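Fold and geometry: a report
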Amino acid sequence: MMRRALQPLWFLLALIFLIEAWLWDHLEPVVARIVALIPLRAFKAWCAAKVAGLSPYPSLFVFIVPVVLLLVPLKFAEVYLLTHHLWISAIILIVASKFVGMGVLAFSFDVTREKLLQIGWFRAIYTFLIDIRARAHDFVSPVMSRIKAMIASLRGPSSRWMRLVQRLRHRAHSPR
């Protein structure tokens, strides 16, 4: 009985996790392009050379510190904006901090990955998260398949709405 009652909660958690993973997968190239515009290649090479000389735990410090130093002040600013009912500014800052956090996290993880995966508990957490992602995908995919089938059944010659959606999608995905 309890297991059945918790199923919607597990589904929601799996869906949120997959949305985060989807955002990571699809926004990482965008963030990488933005970072490529900033002359960080030399800085990244310098960081990689410095991290190569470190043991795994100082590399963990190198991984965590930039994320904490950059994201904690942004989170405090978000809370400040929310408590002062500045909703639009708060939403803009939340989205911007998501991009910045993803960029900083991707950069620092890329530089320190080899060293971090030498730490047993970090490797276990990393493997666990990869496994959770696969399980969440398996858990959500039957529902997503039903939704896709339902949308496919709506596509027909009389469905102006679906033609409009298809035109917009085509326009969004076409090269500029």
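On a predicted model such as this, the values are computed, not experimentally measured, just so you know. (Residues numbered from 1 in each chain as written. Predicted model: local features only at pLDDT ≥ 70, side-chain atom pairs only at ≥ 80, totals over all residues. Heavy atoms only, no water.)

A separate point is the packing of helix H2 (residues 41-52) against helix H4 (residues 87-116). The contact between H2 and H4 brings their axes to 9 Å, and the two run at 25°. The pairing of H2 with H4 is recorded here as roughly parallel in orientation. The interaxial crossing formed by H2 with H4 has right-handed handedness. On the side of H2, the interface is formed by Phe 43, Lys 44, Cys 47, Ala 48, Val 51 and Ala 52, while H4 contributes Phe 107, Asp 110, Val 111, Thr 112 and Lys 115. Partitioning the contact of H2 with H4 into residue classes produces seven nonpolar, one polar and three charged. (Axes fitted to C-alpha atoms, helices over the stretch in contact; angles between N-to-C directions. Helix = DSSP H or I, 4+ residues; strand = E, 2+ residues; numbered from the N terminus. Parallel < 35°, antiparallel > 145°, perpendicular 65-115°, else oblique. Left-handed = near helix turned anticlockwise from the far one by under 90°. Contact = heavy atoms within 4.5 Å. Nonpolar A, V, L, I, M, F, W, Y, C, P; charged D, E, K, R; others polar.)

Taken as a whole and judged by the stated rule, the model has five aromatic pairs. Feature note: the residues Phe 63, Phe 109, Trp 121, Phe 122 and Tyr 126 constitute an aromatic cluster, connected by ring pairs. (Phe/Tyr/Trp six-rings, centres within 6.5 Å; stacked < 30°, edge-to-face > 60°.)

Here the focus is the packing of helix H3 (residues 56-83) against H4. Interaxial distance between H3 and H4 falls to 9 Å at its minimum, and their mutual angle equals 180°. Regarding the angle of H3 to H4, the classification is roughly antiparallel. Broken down by class, the residue content of the contact of H3 with H4 amounts to 21 nonpolar, six polar and three charged.

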